[in-house]
Amino acid sequence: MQLVLHNIGQVLTGVLDTPTFDTDTIVVDGGRIASLDAGAATTADTVVDCKGMTVAPGLVDTHVHPTLGDYAPKQQSAGYLERMMHGAVTRAVSAGEVHAPGRSGAESALGIALGAFHSFERHRPSGMKVHGGAMLLEKDTEPSHIDRAFASGMRIIGEIGVGSLKDPARAGELSLHARELGMTVHMHCGCTSDRGPGGDEHPYFSAEDVMEARPSIASHANTFASLSDADIDMLCEDGGPPYVEVVQAGGTRSMLRVVEGLAERGRLDRLLIGTDTPTGYGVTSLGVLKTIGDICSLGGVAPETAWAIASGHGAAAFGSDGNVIKQGAVADLVVMDASLGSVYDTALDAMAAGEFPGVAVVITDGVVRVRGSLCTLRARRVAGIEG
């Protein structure tokens, strides 16, 4: 099945080194980008007239807490993942199935993670790809539990410090084991969100704790009760973890300190963007878009660079080659514009000023899933879709 997008104004690639590309046509065949040349369009089944709007890869939310299906017990919210699609997010990554009820030790933590992993392998809410199955570390977790998770196909360890294991030294042993297998390891920063008795044992995770635990990601470094400036600076140093993550459900000042600290060191390639949905501020359908606007308008990051950080770069941090625009890539795409009534001319101009762009079309696997976002303001132009 062939899908053709034409009359494109700007193309964002999702690649940090080359964040823009000059073409007015993208040809999709069999769910993948077949060509960036209008001459490759042959017998299109669907044609999207972008009318000069911007086309970009779908965004990646690197920090969600799913359970099973599109339901969030903590917020009593159904359909929140589907609504994130209306905010241009086409891929979401679990930082642990924290809110699944009944977790009481290593075996249950593994079982809950396995359930989410296998569920989201097959279930795609409105076409969104969800990386479920991020096993949380408990007091009785052993390397064998990690081995079993890896053997089943799971590649993520949920936030260290959210499970009952609060000892950074022991967590570091397990984290190192997981990372040597090729898994990505989250770690909670700042005040623990554990409302159980375990939260009293270690209520705050500092930069020194993170360094001792050796995760892949210092998760939400701008957490609700923020790390100190000195802690944030330590995480941003070259000896810090591979990735430092900011989320919308956190402090703006500390978020900007992370962004500026990495930018000063020329290491924006270590930055990740998530939301912490559906904890934190609750369900934040536009959370990634809002954070992009914040780091552009307040942190001085170019919008095409911010989009690359929040798309292809975020996917790569979890071992995926998706969320980029290049020949052969999976066609997870967003068509967007400045909002109707905006004083700005393009989606990039709007994001640079901290505005939400208007999401006109969202495509996953070469199929149109959203035709006019129900969450952003309306795009100034309306895409024409035939077929």
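See the structure printed just above.
Residues numbered from 1 in each chain as written. Predicted model: local features only at pLDDT ≥ 70, side-chain atom pairs only at ≥ 80, totals over all residues. Heavy atoms only, no water.

### Here we look at the nonpolar core
- Leu-59, Met-135, Leu-235, Val-258, Leu-271, Ile-292 and Trp-307 are the most contacted members of the largest nonpolar core, which totals 71 residues.
- Those residues in contact with Trp-307 that sit more than four places away from it in its chain are Leu-12, Ala-56, Pro-57, Leu-59, Ala-88, Leu-289, Ile-292, Met-336 and Met-351. (Core = buried A, V, L, I, M, F, W, Y, C linked by side-chain atoms within 4.5 Å. Buried < 20%, exposed > 50% of the residue type's maximum accessible area, 1.4 Å probe, protein only. Contact = heavy atoms within 4.5 Å.)

### Some remarks on unusual backbone geometry
- Residue Pro-278 is bonded to the preceding Thr-277 through a cis peptide linkage, with omega at 0°.
- Relative to the elements of secondary structure, Pro-278 occurs in the loop between strand 20 (271-274) and helix 8 (287-297).
- Its identity is not glycine, yet Lys-51 carries a phi of approximately 55°, on the positive side.
- The residue Ala-88 is not glycine, and still its phi comes out positive at about 80°.
- Inspection of the secondary structure puts Ala-88 in the loop between helix 1 (80-85) and strand 11 (89-94). (Helix = DSSP H or I, 4+ residues; strand = E, 2+ residues; numbered from the N terminus.)

### What to know about the environment of Ala-317
- Note on placement: Ala-317 falls in the loop between helix 10 (312-316) and strand 21 (333-337).
- By relative accessible area, which is 8% here, Ala-317 ends up buried.
- Separated by 45 residues in the primary sequence, Ala-317 and Leu-272 have C-alpha atoms spaced 8.4 Å apart.
- Setting aside anything within four residues of it in sequence, one finds Ala-317 in contact with Thr-184, Tyr-243 and Leu-272.

### A look at the sheet that holds strand 8 (residues 59-64)
- On the basis of which strands lie adjacent, the open sheet formed by three strands has the order 8-11-12 and parallel pairing. Two strands bound the open sheet, and with one partner strand each, they are strand 8 and strand 12 (129-131). Ignoring which end each strand starts from, the neighbouring axes of this sheet average 20° apart.
- Relative to strand 11, strand 8 is paired through four bridges, and the arrangement is parallel. Across the sheet, residue Val-64 finds its bridge partner in strand 11, namely Ser-94. (Pairing = 2+ DSSP bridges. Axes fitted to C-alpha atoms, helices over the stretch in contact; angles between N-to-C directions.)

### Some words on the sheet that holds strand 15 (residues 184-188)
- Here we have six strands laid out as an open sheet, ordered 13-14-15-18-19-20, and parallel in their pairing. The strands lining the two open edges of the sheet, one partner per strand, are strand 13 (134-135) and strand 20.
- Of the pairings in the sheet, the one linking strand 15 to strand 18 (residues 217-219) comprises three bridges and is parallel in character. Residue His-186 lies in a different strand from strand 18, and its bridge partner there is Ile-217.

Purely spatial values, then, with no claim about function.
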